[in-house]
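Analysis of the macromolecular model
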Amino acid sequence: MDLHDEGYKDLTRKQMDSEVRKIIRETGNGLRCVYYSPSDTKDAGFLETDHFGRRFKNAQSHFDITTVPQRWLRDLLWDHLAEWLRSPQCPRTRGPFEQMRRAAVELGVFLQADAPDAGHDPTVLRREHAERFVADQRHRARHGLPSLGMVLVDGRSPTVTDLSCQFVFNGARKLLYSAITAGHAERLGIDTGFLTAIPFGGTGLKQRSRNPFSDDVARALTDETNLRRLEELDLNDRGLRDIWETIVATGRRCSEVVGLRLDCIGRYRGLAMLWHDQTKVGNYNEGIRIPEPIYQRLDARRTKTLQLFEKRYGRTPAAAERPGLALFPSRIRNPNGRQPISYGHFNERFRTWIADLDLGGAYVAHQARHTLATNLLRAGATLTHIRRYLGQLSERMAEHYVKITNSDLEDVLNTVWVAGPGAPRPGEHLSGDTTPIDRETALALALDLSRRSTPADGGFCTYQPVVDGGACPWKLDCENCDNFVLSGADLLYWRRKAEQWRSIAESAPDDATADYLHTVFEPTAKAIKGLEEALAALDILDEALTLDLRRPQDYFHRTWSTAFRARDLAALQAPDDTTGQP
């Protein structure tokens, strides 16, 4: 502990080896809890989380608060943080502690410059001092001025922003209110007006979420030549390319892939599976299927990780060690192989790679998750399936990831409807690319028809009393009903109907009977032709012709939900030269 004086921080590498410095620092950090009691740390101006049995991930026990100038304010901060550490609702990360310290530092430094007695006497502080502090913070945020009290690692002062103002106001407000509830205000003689003057900062700022990758960017980020350039940035071969390709293929969060364990992959009845922890939502050891190339890549990375372990320790890991080993181990502060590389390390190399590719924009790895969610929805997956696959708490969060598709009228191609054969104008389009309707009208129409219908023989019924479970007033005469609609999945059904009527007409005993049958089937023939034209305009006619409804998953196919009002279909053309006409 004698080495932990002011002179120790200024020692150069020539005076002391860097590894020796690390050993001394680790030893001093461990002994500090022995040499200082909790009350001693309060007097010295720091906090040891180990005194409360807490240790945040990737953080030391030591938490310094000496940058708060006033002793009374520093004591309030220490008591508040200590109460957090004793509480069952203690924050999971060190972030809330950092925000609370920043709030205290900003307030303390301002009082030091503006308040009487540099703010050291709390009894002279009044409401106007807190109000001037609030005004100063807002002024700095509006004009982009530097902070008064915060200093970065490189010695610069960070710029005050609207977001930092929110954190500072909320933290200072909570800290000062705790002085009232804990009885410190009465003991210190602080004016209540000062303690209650700082306003609520808000729950969050409106920020634009990131878009999915465009097609050209997605191709560039998965191009083999560009991926090799990412490998070149991985100087120590820690698996940066493996991480990126896994993120692209699975849509996992970056931290979930970076933190994969050694035995995270396996085959179950021949299927390649990936096991990971979704710590953000509290789901642990979740399994998903992965493509075979990703399985092979992760399996090769597992072999390299085992070789690194054997090279370092001269033995293979024991069975009890394997579950805790990191698949992408860090080479720094990792004596047992359980510490993965940091997200910051991966993100730094990823940004460098993106800058070298010169894609004309700022992109982050998390956009791959948005891209996969959007593609899943376009392929027919529901929001419930996407939420479960991506590991999200609610469908509202899933909508956040797939909003591009939803804003596109939920892919309006899936909800184009036309009239049935019993309508006044069979086959006429109600919405779609061939009908010049505005965006709001099409969206309202698509939502209403796609969610308010019930299956019928050869199509769907949109008559609301029947949809709600009532009896059909027309005795299920769907083909002659104005509320009957056809979907892309019904095309083959109605083509078979046309063949059946053609066969009946050909076997008629006389021409008059055959002409009568042609007349009866004419509205249906118009609807069939209109349905084919509508599907062809949407480029899904071939899909409709190959759709096989014998498999349950085909009911989620795009053509199944593409429906048209039959009366509008028939109006698309004259009855001559009709494909479905017998």
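Residues numbered from 1 in each chain as written. Predicted model: local features only at pLDDT ≥ 70, side-chain atom pairs only at ≥ 80, totals over all residues. Heavy atoms only, no water.

All right, on to the pairing of strand 3 (residues 265-268) then. Two faces belong to every sheet, and in a regular strand the side chains alternate between them. In this sheet, strand 4 (residues 271-278) lies alongside strand 3 in antiparallel orientation, the contact comprising 4 bridges. Across the sheet, residue Ile-265 finds its bridge partner in strand 4, namely Leu-274. Hairpin connection of strand 3 to strand 4: 2 residues between the antiparallel strands, including Arg-269 at a positive phi of 55°. (Pairing = 2+ DSSP bridges. Helix = DSSP H or I, 4+ residues; strand = E, 2+ residues; numbered from the N terminus.)

Enumeration over the complete set of coordinates arrives at 28 salt bridges. One salt bridge connects Arg-156 with Asp-154, and the closest N-O pair in it is separated by 2.7 Å. A salt bridge links Arg-302 to Asp-263; the nearest nitrogen and oxygen atoms lie 3.7 Å apart. A residue pair is termed long-range when its members are at least 10 positions apart, and Arg-302 in helix 13 (residues 292-313) and Asp-263 in the loop between helix 12 (254-258) and strand 3 qualify at 39 residues. One connected set of salt bridges, linked through shared partners, spans Glu-224, Arg-228, Glu-231, Asp-237, Arg-241, Asp-242, Glu-245, Arg-297, Arg-301 and Lys-304. (Salt bridge = Lys/Arg side-chain N within 4 Å of Asp/Glu carboxyl O.)

Of all hydrophobic cores here, the largest spans 45 residues; its most connected members are Trp-72, Leu-81, Leu-111, Phe-133, Phe-194 and Ile-198. Among the secondary structure elements, those contributing two or more residues to this core are helix 3 (71-86), helix 4 (95-114), helix 5 (127-143), helix 6 (162-181) and helix 8 (192-196). Excluding anything up to four places from it in sequence, Trp-72 contacts Leu-111, Gly-119, His-120, Pro-122, Leu-125, Leu-188, Ile-190 and Phe-194. In terms of nonpolar packing, the next biggest core, distinct from the first, is built from 36 residues, Cys-254, Val-257, Leu-357 and Ala-368 among them. (Core = buried A, V, L, I, M, F, W, Y, C linked by side-chain atoms within 4.5 Å. Buried < 20%, exposed > 50% of the residue type's maximum accessible area, 1.4 Å probe, protein only. Contact = heavy atoms within 4.5 Å.)

We now examine the sheet that holds strand 4. Pairing within the open sheet is antiparallel, and its 3 strands lie in the order 3-4-5. Pairing within the sheet leaves two strands with one partner each, and these edge strands are strand 3 and strand 5 (283-289). Each adjacent strand pair in this sheet contributes to an overall mean axis angle of 35°, direction not counted. In this fold helix 13 packs onto strand 3 and strand 4, with an angle of close to 130° to the strand it touches most, strand 3. (Axes fitted to C-alpha atoms, helices over the stretch in contact; angles between N-to-C directions.)

Further remarks concern the environment of Gly-95. Topologically, Gly-95 is positioned in helix 4. The spacing of Gly-95 and Phe-56 is 39 residues in sequence and 9.8 Å in space, taken between C-alpha atoms.

The sheet contact formed by strand 4 and strand 5 spans 5 bridges and is antiparallel. In the strand pairing of strand 5, Met-273 is matched with Arg-289. What sits between strand 4 and strand 5 in their antiparallel hairpin is a turn of 4 residues, with Gly-282 showing a positive phi close to 80°.

Summarising the model, the protein chain shows a mean pLDDT of 79, and 77% of its residues fall at 70 or more. Confidence over residues 429-451 falls short of pLDDT 50; this stretch has 40 contacts with residues more than four positions distant or in other chains. Ignoring residues within four places in sequence, the model shows residues 574-582, a span with pLDDT below 50, making 25 contacts including any to other chains. (pLDDT = per-residue confidence, 0-100.)

Following both chains from N to C, one finds helix 11 (residues 240-250) and helix 14 (residues 343-357) inclined at 85°, their axes separated by 11 Å at the closest point. By the angle between their directions, the pair helix 11 and helix 14 is classed as roughly perpendicular. On the side of helix 11, the interface is formed by Leu-240, Ile-243, Trp-244 and Ile-247, while helix 14 contributes His-345, Phe-346, Arg-349, Phe-350 and Trp-353. (Parallel < 35°, antiparallel > 145°, perpendicular 65-115°, else oblique.)

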